[in-house]
Structures are given as structure tokens and as C-alpha cells.
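Chain by chain, the residues:
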Amino acid sequence: MSSIQSALNDFASLDALATQQTALSGLDPRAKVLATLGFIIAAVSFDRYAIAALLPFALFPVVIAVLGEVPLKPIGTKILVAAPFAIMVGVFNPLLDHKPLFEIFGISVSGGWVSFASILIRFALTVAAALVLVATTGFHQICVGLARLGVPQVFTTQLLFLHRYSLVLAGEVSRMNLARELRGGAKSLPLIVYGPMLGHLLLRAMDRSQRIYQAMISRGFNGEIRSSRVLHWRTSDSLFLAACWFCFMGARQFDLSHLLGAILLGRVT
Amino acid sequence: MSQHQIEALKLCFTYPDGHKALQGLSFGIGQGESVGIIGSNGAGKSTLLLHLNGVLRATAGEVRVRGVPITAASLSEVRRTVGMVFQDPDDQLFMPTVFDDVAFGPINMSVPTLEVQSLVEAALSRVGVSHLSSRPPYRLSGGEKRAVAIAGVLAMSPSILVMDEPSDGLDPAARRRLINLLKGFDHTKIIATHDLDLVLDVCSRVLVMHHGRLEADGTPNVIFSDSVLLERCHLELPLSRQRQ
């Protein structure tokens, strides 16, 4: 199986995980969306040199993944795939910020390196939370939840199409790549071949999206995706959301890593 | 008022690139008729089908559904009346589960939620795939996808079924199940296909298309005994007839 095909299967399987019955599947998608949103806001609101205080936040995606029976390994791989973007954002910090913050074994560590590490941690936390949200809720339900929370239809429909068409496009890429491999071998083709290939890909994807759209309007689609599932906000949803937000506020307000260290070393004041 | 369920009057269509796909087709199809549309690749079959529920709009001439011309105002009623099953079920199945996908049409028609449930269950059991209800469509086999795509259209309770290559890509057993299913429908059926044996089995009338024109219109017996016509339109005798 080509790497493109396996990446595609991975992507589709993340969404398929949401169909399994777990401790979390009874929750309203809005509760999960709001909890994740609270998590992301809390995680990015720290001061730029925060590292230790951020670590307790890693518990949230892990706990949700365990409750939602989401395997951790594919989540980890996907975070790595997206990592270059975060590295690009933070890579110049060590060059710009030379202020020494502390020393480890006699080596002085500058503020730039600390803030770079902080960016990477925040990136891993927020992306993990978002991936776990998709894997426990399903992309479609997230969009339904967002729409019910008052996000304009035009955005939620766009999101759904983006999700649907990215699978379509990836399918075209993998078929085209297979055809290339079968007749061109594993060796790379001259650059000049890739131009027409990309052009073809664009035309094929456009044709296909046209057909999908025609199939949709044939069944009465008028620009609004409606779900058959009625959302019910229950007490358990309020409790889940309140518990999540309470934990995030606690972890934001108090440096739990610091407190734990102090307790272990018997320096509680 | 016409007694025709669906009627094409001097239908012409030219694609934006100048390709003349339909060049003045006229025909009428009555209640409960089962009509096969045959013709070589590029004869205009798929283009014609897309006109029957207003996905494409004629550059000249018109299509009437139960006597009403297809216009922007009648479009939603037309799409409720004319159910279209696409050639590639993957184009049609895009919701996260089979249930959601079959429910897509009825929900868009603003059917109350409770009724949607029973409509979907009835449609799935009609095509014999009730057990797939909670599965994601992209994990199904070709035959299962086809059945779900048909259920998605049946759930809208159309009185006319339009199908593009329904037996395309099916194994012999799945194809046989499809043929039996189609024979059991009392809808008006319009089926574009290269599967001439399916036409013999299911259809009581055949339209032959060639280069965007209607070359012949008659019963399967008459059409399939005209070897000159078949050769001119790049067609052959159905396999079951070749053996005789």
C-alpha cells in the first residue's frame, strides 16, 4: 500500500472511530466542542516562557482518548506530521531572544529556547485535543454542534465540504500515484511530468466534485446540511463541561507541576 | 394536459466547450413504463438523464415532468418526483453513516424527524441492507454501495426512477439481485446502460441514442432484431440473444 493510501485510510479511520459506542458517545457534541475550546484557550493563554505549568494539560487529551477508546499511537503520528508548521513558527525565537533565563549543568539556557519549547508543547497539546475531539465526536457531528452553537451555516457547510472533498482529492491522488508507480517504477519522474499530472488531478477532482454536487442537489440539497439527529443537552453534559472547565481554570491559576514538586520535596508553606 | 409522466420536447444541450451533447430529442414516457436508454459511449445518455431532474438545463427545447416544465420554481417538486441514482455510488454517498446518507433526501424535503426514521428503515429493508444502517458508506462493497444509493433515492418516495448504469461494477450475483429488485419496483423507470441483457430483463421499451440524437424507439424485440440499426449505433445483440 502506498504511503498516500495508508495516510488516507488513517484519516478516514479517525472519523470512523467516532461511530463506536464508548463512555463519551452519549455526550452532546456541543459539550465536547466547548470543552475542547476551553482547553485550547487555557493552554494558549499562558505566558510565553511557561513550560512546567503546561504539562498537567496533557492529561486532558489522554483522559479523553482513553475514555473514548481512541488509540494513542495514530494521534501521536498525526501530531508529528503537523509538527513542521509549529517548528516554522518558533524556530527563530532562539536567534532573536538571547536573554539567559536559567542554567542546567552549567549551560545557560536563553529565553528564546524556552519560548520555542513552550510553542511546541502548546502546539502538541492543542492539536492532540482537536484530533481527539474528531475521533470521539466525528467531523459531521462537530459541524452540527457548531451550527447549533450559532456558528453561521456558511462556515459549517464549508467545513463539511472541506472534509468530504479532501477525502475525494486524496483518493484521486492515490489512484494517480499508483498508475504512475505501475508504469514508471519507483524512480522519480522528471519535474516536467509533474506539471501535467497536477493539471490532470485538478481537472479530475473538479469533475468529481461536480458529480457529487449534482448528486446532492438531486436529493434536494439547498445549501444547508441538516442532520437527522436531534441534539439533547442533558445534565451529564453540563457536569462534563463544568468539570472540564473547572480543571482547566485550576491548572491555569495554579502551577500544578510546581505544587506537586513542592509537596514531594516537603516544602509546602 | 399530457398523460406522460416525463416528456422531452426537442431537447438540445451544448456544453460550455461547444460540444453538442443533445441535438433535438423528443419522447414521452407514460406511467409505470420501464424504459432502457442505450447507445455507445459519448452518445449523450448521461447528459440526457441529468436533464430529467433539472441538474442540467436545456439550451433549447424543454423537459416536462407530469406536464409541468422544469423551471426554477418547479425544481424542488421535480426532484421529489424524479429520483436519480448516479453511475458511481461513491459520488452519491457522502454522509458519515448509511442511515444519515439515506436520511439526507427526506431531511432536505423537511420531513418530520420521526417519519424520517421510518422512511429510512423502509427504504433500507426494501433493498435488503437494513443491517448496514450504522456503517460508514466508504467501507461497503460495490454491491452494498449500489443498494444504499438506491435506498437513498427510494427514501424520497419518487414516482419516477432514473438510473445511470445501475449494473456497472457489480458481480453476477449482485447484478441478478439488482435486476430482481428493479423488476419488483412499480415506479416509472428510466435506465441508461450498456448492459443490454439487463434491458431485455427489465425494460418494456428501448430508446437508442447516437451522437446526441434519438435513433430508434421501440420494444426490445423490435430493436434487438434490427442488426443494421445496432451496427450503425455501435451496439451488439444482447449476449442471451447471441446464443440463440
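Residues numbered from 1 in each chain as written. Chains lettered and ligands numbered in written order. Predicted model: local features only at pLDDT ≥ 70, side-chain atom pairs only at ≥ 80, totals over all residues.

Q: Looking at this model, I keep getting lost on the overall build of chain A. Mind explaining?
A: Looking only at helices and strands, chain A has eleven helices and two strands in total. If you line up chain A on its principal axes, its C-alpha atoms span 70 × 55 × 30 Å. Contacts in chain A between residues at least 24 apart in sequence constitute 79% of all its contacts with a sequence separation of at least 6. (Helix = DSSP H or I, 4+ residues; strand = E, 2+ residues; numbered from the N terminus. Contact = placed C-beta atoms within 7 Å.)

Q: Would you take a moment to explain the overall build of chain B for this structure?
A: Helix and strand counts for chain B come out as eleven helices and ten strands. Computed over its C-alpha atoms, the radius of gyration of chain B comes to 18 Å, within 12% of the 18 Å expected for a compact globule of 244 residues. The dimensions of chain B, computed from C-alpha atoms along their principal axes, are 55 × 45 × 35 Å. Relative to its 244 residues, chain B shows a buried fraction of 50%. Taking the contacts inside chain B whose residues are at least 6 apart along the sequence as the reference set, 67% of them involve residues at least 24 apart. (Rg over C-alpha atoms; globule rule 2.2 N^0.38 Å. Buried ≥ 20, exposed ≤ 12 C-beta atoms within 10 Å, placed from the backbone.)

Q: For this particular structure, what's the right way to read the pairing of strand β2 (residues 20-30) of chain B?
A: Consecutive residues of a regular strand have side chains that alternate between opposite faces of the sheet. Residues and elements named next belong to chain B. Relative to β2, strand β1 (residues 4-14) runs antiparallel, the two sharing eight bridges. Within β2, the position partnered with Thr14 by the bridge is Lys20. Linkage of β1 to β2, two consecutive antiparallel strands, is achieved through a turn of five residues, within which Gly18 is found at a positive phi near 95°. (Pairing = 2+ DSSP bridges.)

Q: What exactly am I supposed to notice about the domain arrangement of chain A here?
A: On domain assignment, one finds that chain A holds domain 1 (19-137 + 234-269) and domain 2 (151-231). Averaged C-alpha coordinates put domain 1 of chain A and domain 2 of chain A at centres separated by 33 Å. (Domains from an automatic or database assignment.)

Q: How should the interface of chain B and chain A be read in this particular structure?
A: In many analyses, interface size is given as the accessible surface area lost on bringing the parts together. Counting residues at the interface gives 27 residues for chain B, matched by 21 residues for chain A. Contributions of two or more residues to the side of chain B that touches chain A are made by α2 (75-81), α3 (89-92), α4 (98-108) and α5 (113-126) of chain B. When its residues are assigned to classes, the side of chain B that touches chain A shows 15 nonpolar, nine polar and three charged. (Nonpolar A, V, L, I, M, F, W, Y, C, P; charged D, E, K, R; others polar.)

Q: How should the packing of helix α2 (residues 29-44) of chain A against helix α10 (residues 235-253) of chain A be read in this particular structure?
A: Geometrically, a packed helix pair is captured by the angle between its two axes and the distance between the axes. Residue and element names in this part refer to chain A. Relative orientation of the contacting elements α2 and α10 amounts to 5°, with a least axis distance of 9 Å. It follows that α2 is roughly parallel to α10 by the angle criterion. On the side of α2, the interface is formed by Ala31, Leu34, Ala35, Gly38, Phe39 and Ala42, while α10 contributes Asp237, Phe240, Leu241, Cys244, Trp245, Phe248, Ala251 and Arg252. Per-class residue counts for the contact of α2 with α10 are eleven nonpolar, one polar and two charged. (Axes fitted to C-alpha atoms, helices over the stretch in contact; angles between N-to-C directions. Parallel < 35°, antiparallel > 145°, perpendicular 65-115°, else oblique.)

Q: In this structure, what is going on with the nonpolar core? I would like to understand it.
A: In summary, soluble globular proteins display a tendency toward joint burial of nonpolar side chains. The biggest cluster of nonpolar side chains holds 80 residues, and the ones touching the most others in it are Ile37, Val102, Val120, Val148, Ala151 and Val162 of chain B. The leading source of residues in this core is helix α6 (residues 142-154) of chain B, at seven residues. When near neighbours in sequence (up to four residues on either side) are disregarded, Val120 of chain B contacts Phe99, Val102, Ala103 and Ala155 of chain B. Leu24, Val70, Ala124 and Ala251 of chain A belong to the second-largest nonpolar core, a separate cluster that totals 41 residues. (Core = buried A, V, L, I, M, F, W, Y, C linked by C-beta atoms within 7 Å.)

Q: I would appreciate a short explanation of the sheet that holds strand β5 (residues 68-69) of chain B in the present structure.
A: Strand order across the open sheet formed by four strands is β2-β1-β4-β5 (chain B), with antiparallel pairing between neighbours. Unpaired on one side and paired on the other, β2 and β5 of chain B mark the two borders of the sheet.

Q: Even after reading the chapter, I still don't get the environment of Pro238 of chain B, so can you show me in this structure?
A: All names here are of chain B. Relative to the helices and strands, Pro238 is located in the loop between α10 (227-232) and α11 (239-242). Taking the C-alpha atoms as reference points, Pro238 and Met109, separated by 129 residues in sequence, lie 40 Å from one another. Those residues in contact with Pro238 that lie beyond four places of it in its chain are Leu196, Asp197, Leu200 and Phe224.

Q: Would you mind showing me how to read helix α6 (residues 111-137) of chain A here?
A: Working note: α-helix, 3.6 residues per turn, so residues spaced by three or four point in the same direction. In a regular helix each residue adds 1.5 Å, so 27 residues correspond to 39 Å; α6 of chain A covers 39 Å between its end C-alpha atoms and thus fits that length. Most of α6 of chain A sits inside the fold, with 20 of its 27 residues counted as buried. (Expected span 1.5 Å × (residues − 1).)

Q: How do you make sense of the packing of helix α3 (residues 59-67) of chain A against α6 of chain A when you look at a structure like this?
A: All names here are of chain A. The N-to-C vectors of α3 and α6 enclose an angle of 20°; their axes lie 9 Å apart at closest approach. The angle between the axes of α3 and α6 places the two elements in the roughly parallel class. With respect to the hand of their crossing, α3 and α6 are arranged in left-handed fashion. On α6, the residues that touch Phe60, Pro61, Ile64 and Ala65 of α3 are Leu125, Ala128, Ala129, Val132 and Thr136. Taken together, the residues of the contact of α3 with α6 sort by class into eight nonpolar, one polar and no charged. (Left-handed = near helix turned anticlockwise from the far one by under 90°.)

Q: I tried to follow the sheet that holds strand β6 (residues 82-85) of chain B on my own but got confused; where do I start?
A: Strands belonging to one sheet form pairs held by backbone hydrogen bonds; the direction of such a pair is parallel or antiparallel. Residues and elements named next belong to chain B. Sheet architecture is open: six strands sit in the order β6-β7-β8-β3-β9-β10, paired in mixed fashion. Strands with a single pairing partner mark the edges of an open sheet, and in this sheet they are β6 and β10 (213-218). Strand-to-strand twist across the sheet, computed as the mean angle between neighbouring axes with direction ignored, equals 15°. Pairing of strand β3 (residues 34-38) with strand β9 (residues 205-210), which is carried by four bridges, proceeds in the parallel orientation. Looking across to β9, one finds that Val35 is bridged to Arg205.

Q: Help me understand unusual backbone geometry in this model?
A: Where the residue is not glycine, phi is negative for most of them; where a peptide bond is considered, it is trans in most cases. Residues and elements named next belong to chain B. Positive phi values are uncommon outside glycine, yet Arg66 reaches one of about 50°. Position of Arg66 relative to the elements: it lies in the loop between β4 (60-65) and β5. The phi torsion at Ser110 lies on the positive side, around 60°, for a residue other than glycine.

Q: In this structure, what is going on with the environment of Ile160 of chain B? I would like to understand it.
A: Residues and elements named next belong to chain B. By the element assignment, Ile160 lies in strand β7 (residues 160-164). A residue is classified by how many C-beta atoms lie within 10 Å of it, and Ile160, with 22 of them, is buried. A C-alpha to C-alpha distance of 18 Å links Ile160 and Thr71, two positions 89 residues apart in sequence.

Q: I'm lost on the pairing of strand β2 (residues 107-110) of chain A in this one. Help?
A: Across four bridges, strand β1 (residues 100-104) of chain A lies against β2 of chain A in antiparallel orientation. Residue Glu103 of chain A lies in a different strand from β2 of chain A, and its bridge partner there is Ser108 of chain A.

Q: Mind showing me how you'd approach helix α1 (residues 45-52) of chain B here?
A: Residues and elements named next belong to chain B. Taking burial as the measure, the eight residues of α1 include seven buried ones, the bulk of the element. Buried residues of α1: Lys45, Thr47, Leu48, Leu49, Leu50, His51 and Leu52, and no others. A positive backbone phi angle near 75° is found at Gly54, which sits one or two residues after α1.

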